[in-house]
Amino acid sequence: MKITVLSLFDGISCGQLALRNLNIDCTYFASEVNTHAINVTNHHFPDTIQLGDVCKIDGSKLPSIDLLIGGSPCQGFSFAGRRLNFEDPRSKLFFEFVRILKETNPKYFLLENVLMKKECIDTISSYLQIQPIRINSNLFSAQNRDRLYWTNISVDLNKLPKNLHPSKIKDILEPTPNQRYFLRREGLSEYIQEQKKLGLNTKTSPRGLKFVFQIPKEIFKDSNRARRILSIDSKCQTAIAHRKSSRILLDDEIRRITPLEYERLQTLPDNYTSILKDTYRYETVGNGWTVKVIEFLFSFLK
């Protein structure tokens with residue numbers, strides 16, 4: 001089977017990777033403006049036809065499209081952000097997806113986005129004339145990543161895994177990570193030893209994540225997320241597009257999740273983004289998709 005695919009907000013081409021993993025041959029058009037993401041895509045898929053800015057695409061001038069996919073920017077919808085919703089210029093790009101959907105009239109489409117307010121879900125569902133599927137990546141990986149997928153692919157949700165994927169943070173760790181990933185702060189070692197003497201009472205969040213403690217602000221002045229230290233026996237927090245990612249306690253030291261481990265959370269091949277500097281690896285992987293989830297959805301194309 002060979003299909004023609006148009007991927008909007010393509011990022012590092014996780015959709016194309018999922019199709020390749022399923023042995024689905026395709027002509028792949030991609031719309032992306034981030035140079036680092038484009039470089040990763042072209043490194044792995046040199047035949048990708050890059051179209052540039054989504055706002056400048058005229059879908060009516062493209063060949064017949066079988067599958068239109070995209071994960072429009074989510075910052076305006078995310079509960080972790082300011083929640084400007086459709087007032088956020090990035091979230092308004094959803095309407096470019098709608099425009100191109102009408103212009104190309106593909107047989108199948110898939111739109112991914114974050115959990116959001118019901119009124120926003122209803123707005124998107126109204127435009128796409130379909131209700132979303134909710135899938136958490138923790139069914140397929142060591143990462144907790146709850147997402148919505150609007151698609152007209154006939155997905156059989158009964159075939160979703162019934163239980164969480166068994167992998168935890170400890171299963172995706174590099175054996176000897178570079179020392180630059182370890183947290184060095186005055187008073188931190190003493191604080192860790194003090195906590196261990198008191199007994200590390202692992203706390204479980206409402207989302208099922210296990211934390212050993214939170215570093216006090218007087219030792220480490222950063223966001224609550226960055227100061228919250230995960231147990232390696234836990235699933236990981238959602239991979240975000242920032243190097244200040246989840247931090248873990250390993251023996252007597254604290255370190256952040258490495259870019260390679262980030263790739264494993266997203267079920268990407270090891271070193272998929274290794275042509276980039278660390279900052280851009282975190283950014284592009286965090287903005288990507290969990291490949292195994294997309295594989296599950298695309299498996300019903302067959």
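Above this text is the structure in question.
Only a predicted model underlies this, so the values are computations on that prediction, with no experimental measurement involved.

Asker: Would you take a moment to explain the packing of aromatic side chains for this structure?
Answerer: Aromatic rings in a pair are described by how distant their centres are and how their planes are angled relative to each other. Scanning the model with the defined rule gives 7 aromatic pairs in all. Both rings, one in Phe94 and one in Tyr127, keep their centres 5.9 Å apart while their planes meet at 80°; by these two values the pair is edge-to-face. Residue Phe94 is found in helix α3 (residues 94–104), and its partner Tyr127 is found in helix α4 (residues 118–128); the two are separated by 33 residues along the sequence. A relative accessible area of 0% means that Phe94 is categorised as buried. For Tyr127, a relative accessible area of 44% corresponds to the partly exposed category.

Asker: Can you help me understand the sheet that holds strand β11 (residues 247–250) in this one?
Answerer: Sheets are built from strands paired through backbone hydrogen bonds, the pairs being either parallel or antiparallel. Spatial ordering of the open sheet is given by β8-β9-β10-β11-β12, a layout of 5 strands whose pairing is mixed. Every other strand in the sheet has two partners, leaving β8 (203–204) and β12 (253–256) as the edge strands with one partner each. Inspection of the sheet shows β8 paired to strand β9 (residues 210–214) by 2 bridges, in the antiparallel sense. By the bridge assignment, Lys203 is partnered in β9 with Phe211. Where helix α5 (residues 188–198) meets the sheet, it contacts β9, β11 and β12, and its direction lies at approximately 125° from that of β9.

Asker: How should I be thinking about the packing of helix α1 (residues 14–21) against helix α9 (residues 291–298) in this particular structure?
Answerer: In helix packing, the relevant descriptors are the interaxial angle and the interaxial distance, both defined with respect to the helix axes. Running from N to C, α1 and α9 cross one another at 60°; their axes reach a closest spacing of 9 Å. As far as their axial angle goes, α9 and α1 are oblique. Considering only the axes of α1 and α9, their crossing is right-handed. Where α1 approaches α9, its residues Cys14, Gly15, Leu17, Ala18, Leu19 and Asn21 are matched on the opposing element by Val291, Ile294, Glu295 and Phe298. For the contact of α1 with α9, the per-class residue count stands at 7 nonpolar, 2 polar and 1 charged.

Asker: Help me understand the environment of Leu260 in this model?
Answerer: Tracing the sequence through the fold places Leu260 in helix α7 (residues 259–265). Assessed through its relative accessible area of 9%, Leu260 is described here as buried. Along the sequence, Leu260 and Gln193 sit 67 residues apart, while their C-alpha atoms lie 29 Å from each other. Residues in contact with Leu260, not counting those within four places in the same chain, are Glu174, Asp270, Asn271 and Arg281.

Asker: When you look at the environment of His242 in this model, what are you seeing that I'm missing?
Answerer: Along the chain, His242 falls in the loop between β10 (228–230) and β11. With 18 residues separating them in the primary sequence, His242 and Leu260 have C-alpha atoms 14 Å apart. Residues contacting His242, with those up to four places away along its chain left out, are Tyr262 and Tyr282.

Asker: Would you mind showing me how to read the side chain of Ser141 here?
Answerer: The topology assignment puts Ser141 in the loop between β6 (133–136) and β7 (146–151). Since its relative accessible area comes to 3%, Ser141 is described here as buried. The residues touching Ser141, leaving out its near neighbours within four places in the chain, are His165, Ser167, Lys235, Leu265, Thr267 and Thr290.

Asker: Sorry if this is basic, but what is going on with the packing of α3 against α4 here?
Answerer: With their axes 11 Å apart at the nearest point, α3 and α4 run at an angle of 15° to one another. Considered as vectors, α3 and α4 are oriented roughly parallel to each other. Between α3 and α4 lies a crossing of right-handed hand. In contact with Phe94, Phe95, Phe97, Val98 and Leu101 of α3, α4 contributes Ile124, Tyr127 and Leu128.

Here is what the cut-offs are and how they apply
- For every chain, the first residue of the written sequence is number 1, and numbering continues from 1 onward in sequence order.
- Given that this is a predicted model, residues contribute local features only at a pLDDT of at least 70 and side-chain atom pairs are listed and counted only at 80 or more, while totals for whole chains, interfaces and linings are drawn from all residues.
- The basis for every side-chain value is the complete set of heavy atoms in the structure, and neither hydrogens nor water enter the calculation.
- Two aromatic rings from Phe, Tyr or Trp, using only the six-membered ring of Trp, form a pair when their centres are within 6.5 Å; if the ring planes differ by under 30 degrees the pair is stacked, by over 60 it is edge-to-face, and anything between is tilted.
- Only DSSP runs of H or I with at least four residues qualify as helices, and only runs of E with at least two residues qualify as strands; both kinds are numbered from the N terminus onward.
- The buried label goes to any residue with under 20% of its type's maximum accessible area, the exposed label to any with over 50%, and the partly exposed label to all in between, with areas taken from a 1.4 Å probe on protein chains only.
- The criterion for strand pairing is that DSSP finds at least two bridges linking the strands in question.
- Every residue pair with non-hydrogen atoms within 4.5 Å of one another is taken to be in contact.
- Lines fitted to C-alpha atoms define the axes here, with helix axes fitted over just the stretch in contact, and angles between the N-to-C directions of these axes take values from 0 to 180 degrees.
- Comment on the angle field: the value is read as roughly parallel under 35 degrees, roughly antiparallel over 145, roughly perpendicular from 65 to 115, and oblique elsewhere.
- Throughout, a crossing is termed right-handed when the near helix is turned clockwise from the far one, and left-handed when it is turned anticlockwise from it by less than a right angle.
- Ten residue types, Ala, Val, Leu, Ile, Met, Phe, Trp, Tyr, Cys and Pro, are classed as nonpolar, four, Asp, Glu, Lys and Arg, as charged, and the remainder, Gly among them, as polar.

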